[in-house]
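Notes for the structure review
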Amino acid sequence: MKLHEYQSKAIFHRYGVPIPKGRTTTMASEAKHFAEELGGKVVIKAQVLVGGRGKAGGIRLAKTPKEAEELATTILGMEIKGLPVRKILVDEAVSFEKEIYLGITNDRGARRPVMMASAAGGVDIEEVARVSPEKIIKIHIDPLLGLREYQARDLAVSIDLPRPLWRSFAEVAYGLWKAYTENDATLAEINPLVITSDKKLLALDGKMVVDDNALFRHPDLVEMRDLDAEDWAEIEARKFGLSYISLDGEIGCMVNGAGLAMATMDIIKLCGGEPANFLDIGGGAGAEKVAAALRIILSDPKVKAVLFNIFGGITRCDEVARGILTALAEVKPNIPMVVRLVGTNAEEGRRLLAEAKMITAETLLEAAQKAVAVVKGEAK
Ligand code: GDP
Ligand code: MN
């Protein structure tokens, strides 16, 4: 679950990270009042759950309360990367000398969290990571010991932070680590962490992603969930207990079992195609769940064909077939569908689907080949 900037910063602040004074609103007129309260000069910031808001025009500096209202009106009318801006953060404007990057995420390869810092923070950090990765300094954190003071110092030195700021940098780094670990986050990031004109550290931006599997022990975080700002497909998938991850390819996949779903994606690639998603409908999925899964897959405009790969163990193939028929009757897709059904009640399932003009396959390889072929055929 992604948290908004204002939520992430509020959490970081609880762990001792300094942040600018600010307030959120959904109304431009209120932005004007807040600007008056905050001393006139403010930054109006779109609260949407995507990065690169600055470059998209979603972060604007207002020199007067009147300008704050105008910019708030503009930003509240914007869409950033397809997401409508419903809320803005009005932060006191801060003048700064330098932008630093500081973040923590899980390094699966190293099997531990990694803290990253860079003197080249700000809106171009992705570019820095691509072009000059050596400018991003990494240290791994032992999850049992936590972030050690010397590690924070090492980072401060490595990014050439002026010595008088080492202590407060260590406090910010430790606060970020505590926020990360105590909230079961998979990402906690401050970009930029600035050195202000009066030589203090301040977190101007914040981003946090919390592990969905740990939300049961963070009711306070669950409260923060902003369904308005989330992807429809992800909300729908969660509602029906489906594991769904959207990808960049053209072949939609509906599979039961995570391992089988991954194998299916691999074989699609082996056959020269690209999967549009990972979707595990789970064991014992009934017709309703299958229908929901198909609606989700078909809501993605990139999908040019759907591959069903169902191994009926606990799941009964005839149930799945009924689910597919229900969904087809509802959404009436005009793209090819390839089905491979094996296992419990497969015969019955195939008989039901034969009437729905679906392409059937005996093996997974054959199914993948057929799906890739129809997609390529369409592209010509
Ligand atoms: P992002 O583009 O979504 O990462 O949004 P950020 O909150 O990081 O804002 C983008 C950029 O706007 C930052 O890197 C800063 O350069 C600038 N910015 C953000 N807040 C302030 C502020 O209070 N004062 C000034 N002068 N610039 C700011
Ligand atoms: Mn940022």
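Residues numbered from 1 in each chain as written. Chains lettered and ligands numbered in written order. Predicted model: local features only at pLDDT ≥ 70, side-chain atom pairs only at ≥ 80, totals over all residues. Heavy atoms only, no water.

So the rule is basically this: UniProt positions are given in the numbering used here, feature names are shortened, and annotations may be inferred rather than shown by experiment.
Where an unreviewed UniProt entry is consulted, the chain appears under the name Succinate--CoA ligase [ADP-forming] subunit beta, with the organism given as Anaerolinea thermophila. Quoted verbatim from the Sequence similarities (unreviewed entry) heading of the UniProt record, the comment on the chain is "Belongs to the succinate/malate CoA ligase beta subunit family."

**Quick word on the coordination of the manganese ion (ligand 2)**
Stated formally: Sites may look incomplete, because water is not among the atoms used; the donor set itself consists of N, O and S atoms within 2.8 Å of the metal (3.2 Å for Na, K and Ca). Counting from the N terminus, the helices are the DSSP runs of H or I reaching at least four residues and the strands are the DSSP runs of E reaching at least two. Working definition: with a 1.4 Å probe on protein chains only, accessible area under 20% of the residue-type maximum means buried, over 50% means exposed, and in between means partly exposed.
In this structure, Asn191 (O) and Asp205 (OD) serve as the protein donors to the manganese ion (ligand 2), at separations of 2.2 Å. On the criterion of sequence distance, the pair formed by Asn191 in strand β11 (residues 185-196) and Asp205 in the loop between β12 (201-203) and β13 (207-210) is long-range, its members being 14 residues apart. Both residues of the pair, Asn191 and Asp205, count as buried.

**Concerning the UniProt feature "domain: ATP-grasp" (unreviewed entry) in the chain**
Sequence positions flagged by UniProt for "domain: ATP-grasp" (unreviewed entry) are, in local numbering, residues 9-241. The span residues 9-241 shows a helical share of 32% and a strand share of 28%, and its end C-alpha atoms are spaced 30 Å apart.

**Some details on the packing of helix α10 (residues 287-298) against helix α11 (residues 317-331)**
Quick reminder of the rule: Lines fitted to C-alpha atoms define the axes here, with helix axes fitted over just the stretch in contact, and angles between the N-to-C directions of these axes take values from 0 to 180 degrees. What sets the label is the angle itself: under 35 degrees gives roughly parallel, over 145 gives roughly antiparallel, 65 to 115 gives roughly perpendicular, and the rest give oblique. Take the far helix as your reference; a near helix turned counterclockwise from it by less than a right angle gives a left-handed crossing, and one turned clockwise gives a right-handed crossing. We call two residues in contact whenever any of their non-hydrogen atoms come within 4.5 Å of each other.
Between α10 and α11, the shortest axis-to-axis distance is 7 Å and the interhelical angle comes to 45°. Classified by the interaxial angle, the pair formed by α10 and α11 is oblique. Judged by the twist between their axes, the crossing of α10 over α11 is right-handed. Listed contacts from α11 to Ala287, Val290, Ala291, Leu294, Arg295 and Leu298 of α10 are Glu319, Val320, Arg322, Gly323, Ile324, Thr326, Ala327, Leu328, Glu330 and Val331.

**Observations concerning the domain arrangement of the chain**
Under the convention used in this document: The domain boundaries here were taken from an automatic or database domain assignment.
On domain assignment, one finds that the chain holds domain 1 (21-92), domain 2 (96-222) and domain 3 (231-375). Computed from C-alpha coordinates alone, the two centres of domain 1 and domain 3 are separated by 42 Å.

**Brief notes about the state of the cysteines**
The cut-off we apply is this: Note that a disulfide, as used here, is simply two cysteine sulfur atoms within 2.5 Å.
If you walk through the whole model with that rule in mind, you get 0 disulfides. Just so you know, Cys253 is unpaired, no disulfide at all, and the nearest cysteine sulfur is the one on Cys271, 12 Å from it. In this structure Cys253 comes out as buried when scored by relative accessible area, which is 1%. Cys317 takes part in no disulfide bond, and the closest cysteine sulfur, belonging to Cys253, lies 17 Å away.

**Describing the UniProt feature "binding site: Mg(2+)" (unreviewed entry) in the chain**
Operational definition: In protein, a polar contact means a hydrogen-donor-capable atom and an acceptor-capable atom, both N or O and within 3.5 Å, with residues adjacent in sequence counting only if both atoms are side-chain atoms; elsewhere, any N or O pair within 3.5 Å suffices.
Those residues carrying the UniProt feature "binding site: Mg(2+)" (unreviewed entry) are Asn191 and Asp205 in this numbering. Contact partners of Asn191, with chain neighbours within four places excluded, come to Ile100, Tyr101, Gly121, Gly122, Ile125 and Asp205. In terms of polar contacts, Asn191 uses its side chain to reach the backbone amide nitrogen of Gly122, at 2.7 Å. According to the relative accessible area criterion, Asp205 is buried, its value standing at 18%. For Asp205, the contacting residues outside a window of four places in its chain are Glu5, Lys9, Lys45, Arg53, Glu189, Ile190, Asn191 and Pro192. A polar side-chain atom of Asp205 sits 3.1 Å from a polar atom in the side chain of Arg53.

**Let's talk about the site of ligand 1**
To keep things clear, this is the line we draw: For this purpose, a residue is taken to be near a molecule or strand whenever a single non-hydrogen atom of the residue falls within 4 Å of it. Each accessible area is a Shrake-Rupley estimate made with a 1.4 Å probe; only the visible protein chains count as cover when residues are assessed. Throughout this entry, Asp, Glu, Lys and Arg are counted as charged residues, while Ala, Val, Leu, Ile, Met, Phe, Trp, Tyr, Cys and Pro are counted as nonpolar. The remaining residues, Gly among them, count as polar.
For ligand 1, the set of nearby residues contains 17 residues, the closest of which are Lys45, Arg53, Gly54, Val94 and Glu99. Within the side chain of Arg53, an N or O atom sits 2.7 Å from an oxygen atom of ligand 1. Between ligand 1 and Asp205, the relevant distance is 3.0 Å, taken from an oxygen atom to a side-chain nitrogen or oxygen of the residue. In isolation ligand 1 offers 560 Å² of accessible surface; the protein chains occlude 82% of this area. Mapped by element, the contributors of at least two residues to the shell around ligand 1 are β3 (42-46), β8 (96-107) and β11. Here the shell around ligand 1 is composed, by residue class, of 8 nonpolar, 4 polar and 5 charged. Split by domain, the shell around ligand 1 shows at least three residues from each of two domains, domain 1 (21-92) and domain 2 (96-222).

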